[in-house]
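Here is how the chains run, residue by residue.
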Amino acid sequence: MHTVDLRIDAAWIVPVEPAGTLTGHALIVDGGRIAALLPAGDADRQFAARETKRLASHVLIPGLVNAHTHAAMTLMRGIADDLPLKPWLEEHVWPVERRFASPEFVYDGTLLACAEMLRGGITACNDMYFYPDASARAYEEAGMRALVGAPILDFPTPYAADADAYITRGLAARDAWKHVPTLTFALAPHAPYTVGDATFARIVMFARQLDLPIETHVAETRAEVAGTGESSLARLDRLGVTGPSFIAIHAVHVDEVDRSLLARHGCHVVHCPASNMKLASGIAPVTALVEAGVNVALGTDGAASNNRLDILSEMRLAALLAKVATGNAIALPAPAVLAMATLNGARALGLDAVTGSLAPGKDADAVAIDLSAAATQPVFDPVSHLVNAVDRSFVSDVWVRGAHVVADGEVATIDTTALLARARAWQRRLKT
Ligand SMILES: [Zn+2]
């Protein structure tokens, strides 16, 4: 009999890998890691748990992964809607950022995003924003896992004067936080239209030397790819950016040549259906990407464009959009969508050895979703419900590395009252 920290019994457990739904099983957690996933009777015989959580009407799944966001932009949620990408960025978002983006803004905005994401079952995210040092502090305090993307642009902002300064500040943030096991770092050139060839070349050099992923928005709008003669992805490939640690965000306008290039190099794509729909960017060819062998994850993008950081709703949108786009109701079935929101996200972030599925040896990042309400009865298939019936308010409990960060619907790691007061104060300042 082994004494362990925690035992979670759930009506259904969906480990994601291997595929399928388990009933009458228990997840055993010790030292922040998954020690076993086994039938409850075997757990009775083998383990004595210091704490037991019984979830009689819940489905337990791996923590959801938000593979693309700009977390601090939660403070700009709803500040400008119903606009195309270019005027939305140039006339609304960038002027506000020039005036207000600061370590305090980023810390408060990121913590607000953490409160929203954790409450919605998201245990890991991939962030891209100014002052990554401040966002790292928020993630550590919130107890949330993050790949922190150091932003790089070829034009000056209050954060950095030129590309070299962006890179230097990003690497300094990585050095300051690399001791925290839940934080990893990436180089995040904003987009092909804001970063030139010379800067991409420097980014590739640092990424290869320091073994860092590279992520960038790519082929988000038709305008980005029109009239250049060379697709954005072909250009990035020519510059050496592509590879198994390259994360292509959006990839809406990618033709067959681009798709096979992404597959050949083992690149990852982050599909952001709500953001693409709201900015009228188009429909990413997700089914064709998956068929080509590309790993496709799900992201929310920032709350200024989405306007919610909610992977459960992105799952539903991804499933519906794939069916509409292909005219095929079989496209992206529920298990494939759940994998996109968990294990594929972990792969994209380079974190699949530690999270993304409920497998012994991985960290205990898990989410319990209550299926007892009228809106989720009866339950023939809990995985179908995750995509088609539930929303994030059904999330009851969340664990990150075995820590109980959301308990009975309350975020345990953040002083929400104080945080919401600061968010209201930012709203007053941003309106002036
Ligand atoms: Zn984005």
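Computed from a prediction, not measured in an experiment: that's the story for all the values here. (Residues numbered from 1 in each chain as written. Predicted model: local features only at pLDDT ≥ 70, side-chain atom pairs only at ≥ 80, totals over all residues. Heavy atoms only, no water.)

1. Things to note about the nonpolar core
Next up, step 1: Counting 124 residues, the largest nonpolar core has Phe105, Tyr139, Met315 and Ile369 as its most contacted members.
Next up, step 2: The dominant element in this core, judged by the number of residues it contributes, is helix H3 (residues 103-119), at 10 residues.
Next up, step 3: Non-local contacts of Met315, meaning those with residues more than four positions away in its chain, are made with Leu64, Leu298, Val337, Leu338, Ala341, Leu386 and Val387. (Core = buried A, V, L, I, M, F, W, Y, C linked by side-chain atoms within 4.5 Å. Buried < 20%, exposed > 50% of the residue type's maximum accessible area, 1.4 Å probe, protein only. Helix = DSSP H or I, 4+ residues; strand = E, 2+ residues; numbered from the N terminus. Contact = heavy atoms within 4.5 Å.)

2. Observations regarding the pattern of salt bridges
Next up, step 1: Per the stated rule, a full pass over the model turns up 25 salt bridges.
Next up, step 2: The residue Asp42 makes a salt bridge to Arg45 at a minimum N-O spacing of 2.5 Å. You can see Asp42 and its partner Arg45 sitting in helix H1 (residues 40-46), three residues apart, about one turn around the helix.
Next up, step 3: Residue Asp42 is classed as partly exposed on the basis of its relative accessible area, which comes to 26%.
Next up, step 4: Look at Arg45 and you get exposed, because its relative accessible area is 59%.
Next up, step 5: Salt bridges sharing common partners tie together Arg33, Arg145, Asp363, Asp365 and Arg401. (Salt bridge = Lys/Arg side-chain N within 4 Å of Asp/Glu carboxyl O.)

3. Some thoughts on the domain arrangement of the protein
Next up, step 1: Splitting the protein by domain gives domain 1 (2-62 + 366-400) and domain 2 (64-348).
Next up, step 2: Taken over C-alpha atoms, the centre of domain 1 sits 30 Å from the centre of domain 2.
Next up, step 3: Between domain 1 and domain 2, the residue contacts involve 20 residues of the former and 24 residues of the latter.
Next up, step 4: Together domain 1 and domain 2 conceal approximately 1,800 Å² of surface at their shared face, both sides included; 69% is due to carbon and sulfur atoms.
Next up, step 5: For domain 1, the biggest contributors to the area lost against domain 2 are Val387, Arg392 and Val400; these three give 41% of the whole.
Next up, step 6: At the boundary of domain 1 with domain 2, the tally comes to three salt bridges.
Next up, step 7: Taking the shortest distance from any N to any O, the salt bridge between Glu116 and Arg392 comes out at 2.9 Å. (Domains from an automatic or database assignment. Buried area = accessible area lost by both parts, 1.4 Å probe.)

4. Comments concerning the side chain of Thr123
Next up, step 1: The topology assignment puts Thr123 in strand E6 (residues 122-128).
Next up, step 2: Aside from chain neighbours lying at most four places away, what touches Thr123 is Gly63, Leu64, Met144, Arg145, Asp365, Val367, Val398, Trp399 and Val400.

5. Observations regarding the coordination of the zinc ion
Next up, step 1: For the zinc ion, the full set of protein donor atoms is His68 (NE2), His70 (NE2), His217 (NE2) and Asp301 (OD), at a range of 2.1 to 2.3 Å.
Next up, step 2: Between the four donor atoms coordinating the zinc ion, the angles at the centre fall across 87 to 169°, so the site counts as irregular.
Next up, step 3: Donor residues for the zinc ion, ordered by position in the chain, follow H-x1-H-x146-H-x83-D. A residue pair is termed long-range when its members are at least 10 positions apart, and His68 in strand E5 (residues 64-69) and Asp301 in the loop between strand E12 (295-298) and helix H12 (311-326) qualify at 233 residues.
Next up, step 4: The exposure class assigned to His68 is buried, which follows from its relative accessible area of 0%. (Donors = N, O, S within 2.8 Å, 3.2 Å for Na, K, Ca; no water. Tetrahedral: all angles 85-135°; square planar, octahedral: opposite > 155°, others 65-115°.)

6. Description of the environment of Ala297
Next up, step 1: Here Ala297 shows up in strand E12.
Next up, step 2: Its relative accessible area of 0% is what places Ala297 among the buried residues.
Next up, step 3: In contact with Ala297, other than residues within four places in its own chain, are Ala67, Val269, Val270, His271, Met340, Asn344, Gly345 and Ala348.

7. Quick notes on the packing of helix H4 (residues 132-142) against helix H5 (residues 163-177)
Next up, step 1: The interhelical angle for the contact between H4 and H5, taken along N-to-C directions, is 30°, at an axis separation of 9 Å. The angle between H4 and H5 places the two elements in the roughly parallel class. Pair H4 / H5 crosses with right-handed handedness. In this structure, H4 uses Pro132, Asp133, Ala136, Arg137 and Glu140 to contact H5, whose residues at the interface are Gly170, Ala173, Ala176 and Trp177.
Next up, step 2: Across the contact of H4 with H5, the residue classes break down as five nonpolar, one polar and three charged. (Axes fitted to C-alpha atoms, helices over the stretch in contact; angles between N-to-C directions. Parallel < 35°, antiparallel > 145°, perpendicular 65-115°, else oblique. Left-handed = near helix turned anticlockwise from the far one by under 90°. Nonpolar A, V, L, I, M, F, W, Y, C, P; charged D, E, K, R; others polar.)

8. Brief notes about the sheet that holds strand E4 (residues 47-62)
Next up, step 1: Within the open sheet, the eight strands sit side by side as E3-E2-E1-E4-E13-E14-E15-E16. Their pairing is mixed. Because the sheet does not close on itself, it has two edges, and the strands there are strand E3 (33-39) and strand E16 (410-411).
Next up, step 2: Where E4 meets strand E13 (residues 366-370), five bridges bridge the pair, whose relative direction is antiparallel. Pairing of Leu60 across the sheet is with Ala368, part of E13. (Pairing = 2+ DSSP bridges.)

9. As for unusual backbone geometry
Next up, step 1: Between Glu17 and the following residue, Pro18, the backbone shows a cis peptide bond with an omega angle of 0°.
Next up, step 2: Among the secondary structure elements, Pro18 is positioned in the loop between strand E1 (2-13) and strand E2 (22-30).
Next up, step 3: Omega for the peptide link from Asn306 to Asn307 comes to 15°, which places this bond in the cis form.
Next up, step 4: Counting through the fold element by element, Asn307 comes out in the loop between E12 and H12.

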